[in-house]
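One letter stands for each residue in the lines below.
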There are 2 protein chains.
Amino acid sequence: MKFVTGECRQTTTYGGLAGGGLNNAGLTLHGAVLALRDMGGLVFLTLRLADGAVQCVCDPAVLPEGLTEECAVELSGILRSEPRAPGGFEVGVEQIAVLSRPAEPMPVSLAKKGLDLHLDTELALRPVVLRHEKRRAVFKLQEGLCRAFREYLTAQRFTEVHTPKIVHAGAEGGSNIFKLDYFGKKAYLAQSPQFYKQTMVGVYERVFEIGPVFRAEKHSTTRHLNEYTGLDFEMGYISSFYDVMEMETGFLQYVVELLAKDCAYELALLGVELPDASHIPCLRFDEAKRLAAEKYGYKIRDPYDLEPEEEAHIGQYAKEVLGSDFLFVTHYPSKKRPFYAMDDPVDPKYTLSFDLLFRGMEVTTGGQRIHDYAAQVAKMEARGMDPAGFESYLMIHKHGMPPHGGLGIGLERLTMKLCGLENVRQACLFPRDRSRLEP
Amino acid sequence: MKFVTGECRQTTTYGGLAGGGLNNAGLTLHGAVLALRDMGGLVFLTLRLADGAVQCVCDPAVLPEGLTEECAVELSGILRSEPRAPGGFEVGVEQIAVLSRPAEPMPVSLAKKGLDLHLDTELALRPVVLRHEKRRAVFKLQEGLCRAFREYLTAQRFTEVHTPKIVHAGAEGGSNIFKLDYFGKKAYLAQSPQFYKQTMVGVYERVFEIGPVFRAEKHSTTRHLNEYTGLDFEMGYISSFYDVMEMETGFLQYVVELLAKDCAYELALLGVELPDASHIPCLRFDEAKRLAAEKYGYKIRDPYDLEPEEEAHIGQYAKEVLGSDFLFVTHYPSKKRPFYAMDDPVDPKYTLSFDLLFRGMEVTTGGQRIHDYAAQVAKMEARGMDPAGFESYLMIHKHGMPPHGGLGIGLERLTMKLCGLENVRQACLFPRDRSRLEP
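Residue and element names in this part refer to chain B. Look at helix α10 (residues 373-382) against helix α11 (residues 391-398): their axes get within 8 Å of each other, and the N-to-C directions meet at 145°. For the pair α10 and α11, the contacting residues are Y373, Q376 and V377 in the first and L394, H397 and K398 in the second. Grouping the constituent residues of the contact of α10 with α11 by class yields 3 nonpolar, 2 polar and 1 charged.

The structure is reproduced here in structure tokens:
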């Protein structure tokens, strides 16, 4: 009888080799052939590992016949210090075995330092272009953002939840919702986990979820995706929506710390400058609009809305005048916020809510929610909504909810602004937009 | 100017109080009133915190007027040792402030030890029934499963990815796929992240994803959901599909360790016995069928399929004869596995694949995938599929993929069997089935 005992196959990483502790040791590596250069008498083989590339030097005699780029190989040899090699080390190869071969050469060279492809070409070739070190670096940083979110919130006693993406009603209203036939009934794809994360505040007090969010936005912009990853949290027993902003700020500080520690290679490769999240300024919505308009000399077109260009100006103001990459814009107009947002008792035309701008773009929307049943029903009715259609959501208010609030962060936008990318599609592995359903 | 500096509001947990370090200290707690008992002269208030309930003792004079169950309150008092109280401590209350009040009493008592509701009633009331300590415990264990998955795989150098759920083609074939109108084009909800996780093996060698999976199963059973959470991983440079099974076994061992450490309270509350994952037996598909049929005296109906009842018998065999809650069943028939499964070169009627049975139910499907372009195209054509419809997927094979394999674990099934639940709906916060789109 065969038993499996959890003896996991180990893998060698660039980071592990670069540590230097393995110098002059014999080792076995596996990876893809990134480049082959015959220097006459010696062949330089660059081997792509999971997190970096290693220079390997072979006698032509050990090279398997027909070895090409993107062959998967296993090679054994000696790791040795070599100041002229990238990273300061190389592998003197003794044996190479080919594990698999490509059927055709790559459409672009992955060994080049940069990839200057038109976005349409890049996205069509994504499945293989992602193998380029600069693309890998972007999504490694994205992985760090998610890990930081979870680690930070778990330490702050949040509980992770998984809530349904097929829903019977939209949480955010409007027409940007995908419809679905669900066994003959009409269903929708969730625009946010809003109702469910509020529900779970009644259960665990503090919850978070990382999951897909679907928005049937009909316009094509550099900042919208039709499917994105939402980093959502919701917390009970807040004394005001500033508690939510403090929590986000704590998370951002942790992000900076984690990326500096775990992703130094990727940050350097992409030339990313980490932002300072130690203290984030706050401006009221109307005040932010006024200050930016005065500073940059333009007229405010709509006092109740914030256009992307105006957001960019406000971000510029935050950077130039306040010295910050981040800015909390608070007290958004009530009519621009969903029905669950709590109005400011001081002036109910505005809400106890905020957006976070990062380098001139909104990356977060959050605020305090209505917890009182009568108040929630009244606001729905004032908007012409029928509370009967939201019975299972209103059940939580009816049977008691603490004061609470939360936020949603767009992972791709956060990645985009962190990495200084031009288009949010570059910050999504396989973006969905009006014309793009594959890869 | 106001600045936010990351000073996060702290919360007090039952676990924090139970530690005992705070005895005789003054403290402030917030929570929901779980129960109120007037003992004449003294009122016992049970306060529900995020992770447990605390006995609080009040003079009737400090009780706010009209205080009821499910009021959210903030109270201050002295924590003191009290052997007769649950947990061995109580809070002598000095002040109580009501933060919010329910509009109506709870439909069921949350203070009772057990909740014996019909499943339909339970699910209809889920938004508030989840506040019961036994329900909270189930999903706290589920949170532990996810955390263990990520922590273990991250330590094994896997990278987390987020892949699209709106797709242009199904990965698993068959008719159980939800259709969607995507700006006038036909689209589907992903049956698994299969194509994308394989793609990402070419990028990061080892990847994982936790995300929703959609299956339009038309039948209603105790083990199927129409939307569930998949724990998926995929790894490159495997020497056989046993590497995948070793990795899963390592994960399960880590689960047991993590739950024992972090969730002792929940395990005890639910009476959960942790399984032994130290060594998991493996049987071939045909052998497992034969042994169970012989042992339990029934005839094999279909040599190529494994019905749920037969799975239960094989699980019983694993427990009674092999002494294991787990069993890897390997070498599933090729015609029952998807087109990307690698056939066994020794006998191509079978595949290099496996399921993991846990207490008699399949909780994982995995195996080695075809990495060679010509072999993949040939298998698709042999099945009457048109490779032209899978161009962006086949791009990875065309340009070179290492030998690789992976698996998908159903989070709700794993939770269900761990907790000894009768129905998978009990292991999903807000289950989706043929008739259930809300809550």
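After that view, the rundown keeps rolling.
Topologically, L67(B) is positioned in the loop between β4 (53-58) and β5 (72-81). Measuring from C-alpha to C-alpha, the distance between L67(B) and I96(B) comes to 9.9 Å, with 29 residues separating the pair along the chain.

Laying chain A over chain B is done by rotating through 180° and shifting 0.0 Å along the axis; what remains is an RMSD of 0.0 Å. Here the two chains are linked by the operation of a two-fold rotation axis. Relative to the rotation axis, the closest C-alpha in chain A is found at L180(A), a distance of 2.7 Å. In this assembly, 100% of the residues forming the interface of chain A have copies in chain B that are likewise at the interface, indicating an isologous arrangement.

Turning our eyes to something else, we now look at the pairing of strand β16 (residues 361-369) of chain B. All names here are of chain B. Among the 9 residues that make up β16, 8 are buried, leaving the element largely enclosed by the rest of the structure. Across 6 bridges, the pairing between strand β15 (residues 353-358) and β16 is antiparallel. Paired with F358 across the two strands is M361, which belongs to β16. Counted along the chain from β15 to the antiparallel partner β16, the turn is 2 residues long, and its residue R359 has a positive phi close to 50°.

Looking now at the sheet that holds strand β6 (residues 89-100) of chain A. Residue and element names in this part refer to chain A. Taken in spatial order, the 5 strands close into a barrel running β2-β3-β4-β6-β5, and their pairing is mixed. The mean inter-strand angle of the sheet, taken between neighbouring strand axes irrespective of direction, is 55°. Strand direction decides the pairing type here: strand β4 (residues 52-58) and β6, joined by 2 bridges, are parallel. By the bridge assignment for β6, C56 is matched with V91.

Summarising the sheet, strand β1 (residues 2-4) of chain A and strand β13 (residues 280-284) of chain B pair through 3 bridges and their orientation is antiparallel. Its bridge partner lying in β13(B), V4(A) is registered against I280(B). Judged from the 3 bridges that link them, β13(B) and strand β14 (residues 326-330) of chain B form a sheet pairing that is parallel. Across the sheet, residue C282(B) finds its bridge partner in β14(B), namely F328(B).

Moving on, we come to the interface of chain A and chain B. Taken together, the 98 residues of chain A in the interface contact 98 residues of chain B. The leading source of residues in the side of chain A that touches chain B is helix α6 (residues 242-262) of chain A, at 8 residues. Among the residues making up the side of chain A that touches chain B, the classes are represented as 48 nonpolar, 24 polar and 26 charged.

This brings us to the sheet that holds strand β12 (residues 227-236) of chain A. One open sheet accounts for 9 strands, arranged β7(A)-β11(A)-β12(A)-β19(A)-β18(A)-β17(A)-β14(A)-β13(A)-β1(B); its pairing is mixed. Lying at the two open borders of the sheet, with one neighbouring strand each, are β7 (159-160) of chain A together with β1 (2-4) of chain B. Sheet topology note: the strand β11 (residues 206-214) of chain A/β12(A) ladder contains 9 bridges and is antiparallel. From the neighbouring strand, R206(A) faces β12(A), where its bridge partner is M235(A). Docked against the sheet, helix α4 (residues 133-155) of chain A engages β7, β11 and β12 of chain A, running at close to 155° with respect to β11(A). The strands touched by helix α8 (residues 285-296) of chain A within the sheet are β13 (280-284) and β14 (326-330) of chain A, with β13(A) carrying the most contacts at an inclination of about 95°.

Another aspect to go through is the domain arrangement of chain A. Examined at the domain level, chain A breaks down into domain 1 (14-100) and domain 2 (133-427). Its C-alpha centre places domain 1 of chain A at a distance of 45 Å from the equivalent point of domain 2 of chain A.

With that out of the way, let us pick up unusual backbone geometry. Here the residue pair E438(A) and P439(A) is connected by a cis peptide bond, since its omega of 0° sits within 30 degrees of zero. On the secondary structure map, P439(A) appears in the segment after α12 (411-419). Unlike most non-glycine residues, Y237(B) shows phi in positive territory, near 60°. You can see Y237(B) is positioned in the loop between β12 (227-236) and α6 (242-262). Its identity is not glycine, yet R359(B) carries a phi of approximately 50°, on the positive side.

Residue and element names in this part refer to chain A. As for its placement among the helices and strands, Y317 is situated in helix α9 (residues 308-320). Classification of Y317 by C-beta neighbours within 10 Å gives buried; the count is 23. C-alpha separation for the pair Y317 and F251, spaced 66 residues apart in sequence, amounts to 24 Å. Residues within four places of Y317 in sequence aside, it is in contact with L291, A292 and K295.

Conventions and cut-offs
Residues numbered from 1 in each chain as written. Chains lettered and ligands numbered in written order. Predicted model: local features only at pLDDT ≥ 70, side-chain atom pairs only at ≥ 80, totals over all residues. Axes fitted to C-alpha atoms, helices over the stretch in contact; angles between N-to-C directions. Helix = DSSP H or I, 4+ residues; strand = E, 2+ residues; numbered from the N terminus. Contact = placed C-beta atoms within 7 Å. Nonpolar A, V, L, I, M, F, W, Y, C, P; charged D, E, K, R; others polar. Least-squares fit on C-alpha atoms with pLDDT ≥ 70 in both. Buried ≥ 20, exposed ≤ 12 C-beta atoms within 10 Å, placed from the backbone. Pairing = 2+ DSSP bridges. Domains from an automatic or database assignment.

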